[in-house]
Amino acid sequence: QVQLVESGGGLVQAGGSLRLSCVVSGRTFSFYAMGWFRQAPGKEREFVAAISRKGGRTYYADSVKGRFTISRDNTKITVYLQMNSLKPEDTAVYYCAADRRMEDYSASYYSYDYDYWGQGTQVTVSS
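Since this is a predicted model, take the numbers as computed values, not measurements. (Residues numbered from 1 in each chain as written. Predicted model: local features only at pLDDT ≥ 70, side-chain atom pairs only at ≥ 80, totals over all residues. Heavy atoms only, no water.)

Looking now at the overall build of the chain. A count of helical and extended segments in the chain gives zero helices and 11 strands. Taken from N to C terminus, the helices and strands of the chain fall in the order β-β-β-β-β-β-β-β-β-β-β. In terms of overall size, the chain behaves like a compact globule, its C-alpha atoms giving a radius of gyration of 13 Å where 127 residues would be expected to give roughly 14 Å. Considered along the principal axes of its C-alpha atoms, the chain spans approximately 40 × 25 × 25 Å. (Helix = DSSP H or I, 4+ residues; strand = E, 2+ residues; numbered from the N terminus. Rg over C-alpha atoms; globule rule 2.2 N^0.38 Å.)

In structure tokens form, the structure reads like this:
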């Protein structure tokens, strides 16, 4: 079983920054592509960013491209989401997720590809 624990959420003013972290335990971290998703009240969960197993490929939703950066440190079994220039519409619960992959050159945009999920961390951006 794989456990994912997110941290780093909070309340920030528009234009500010936050860095989310997700520690993964229970299996070999480098076997998993990782993703960040978010869900705002009354909305469906949506893709934010993803990173391949070794970090060589990254993918972003258009709404966060240029503002958010996903990264990973396989020695620390942690994936990060650096969020800059935050906007009120970024307010949501943010989830990290792990996708067991045989290859290390891609990651998925689709939540159904992910096998394990964290409990989520709240990000609130005030205007």
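Here the narrative resumes.
A regular strand places its side chains on the two faces of the sheet in alternate fashion. Alternating positions in strand β7 (residues 68-73) separate cleanly, F68, I70 and R72 being buried on one face and T69, S71 and D73 remaining unburied on the opposite face. Summarising the sheet, β7 and strand β8 (residues 78-83) pair through six bridges and their orientation is antiparallel. Opposite I70, over in β8, you have L81 as the bridge partner. (Buried < 20%, exposed > 50% of the residue type's maximum accessible area, 1.4 Å probe, protein only. Pairing = 2+ DSSP bridges.)

Time to look at the state of the cysteines. In protein chemistry, a disulfide is the covalent bond that joins the sulfur atoms of two cysteines. Tallied over the entire structure, the rule returns one disulfide. Bridging C22 to C96, the disulfide has an S-S length of 1.9 Å. Looking along the S-S bond of the C22-C96 disulfide, the torsion reads about 45 degrees, which is the right-handed sense. Separated by 74 residues along the polypeptide, C22 in strand β3 (residues 18-25) and C96 in strand β9 (residues 92-100) bring together distant segments of the chain. Across this residue pair, the class does not change: C22 and C96 are buried. (Disulfide = S-S within 2.5 Å.)

Right, let's talk about the sheet that holds β7 for a bit. Pairing within the open sheet is antiparallel, and its four strands lie in the order β1-β3-β8-β7. The open sheet has two edge strands with one neighbour each: β1 (3-7) and β7. Here the strands of the sheet are splayed against their neighbours by 15 degrees on average, with no regard to which way each runs. Summarising the sheet, β1 and β3 pair through five bridges and their orientation is antiparallel. Each residue of the ladder has a partner; that of L4, found in β3, is V24. (Axes fitted to C-alpha atoms, helices over the stretch in contact; angles between N-to-C directions.)

Within the fold, G55 resides in the loop between β5 (46-51) and β6 (58-60). A C-alpha to C-alpha distance of 6.8 Å links G55 and S71, two positions 16 residues apart in sequence.

Moving on, we come to the nonpolar core. The biggest cluster of nonpolar side chains holds 37 residues, and the ones touching the most others in it are M34, W36, L81, M83 and Y94. At the level of secondary structure, the elements contributing two or more residues to this core comprise β3, β4 (32-39), β5, β6, β7, β8, β9 and β11 (121-126). Residues in contact with Y94, not counting those within four places in the same chain, are E6, L20, W36, F37, R38, V48, F68, L81, M83, G120, T121 and V123. (Core = buried A, V, L, I, M, F, W, Y, C linked by side-chain atoms within 4.5 Å. Contact = heavy atoms within 4.5 Å.)

We now examine a nonpolar patch on the surface. Taken together, the side chains of Y109, Y110 and Y112 define a hydrophobic patch exposed on the protein surface, amounting to about 400 Å² of accessible area. Checked against the element boundaries, Y110 lands in the loop between β9 and β10 (116-117). (Patch = residues over 30% accessible without salt bridge, like charges linked within 9 Å, V, L, I, M, F, W, Y side chains within 5 Å. Areas by Shrake-Rupley, 256 points an atom, 1.4 Å probe, with all protein chains shown as cover. Salt bridge = Lys/Arg side-chain N within 4 Å of Asp/Glu carboxyl O.)

What follows is about the environment of G10. Note on placement: G10 falls in strand β2 (residues 10-13). A sequence separation of 98 residues divides G10 from S108, and the C-alpha atoms of the two residues are 27 Å apart. Residue contacts for G10: discarding those within four places in its chain leaves L18, Q122, V123 and T124.

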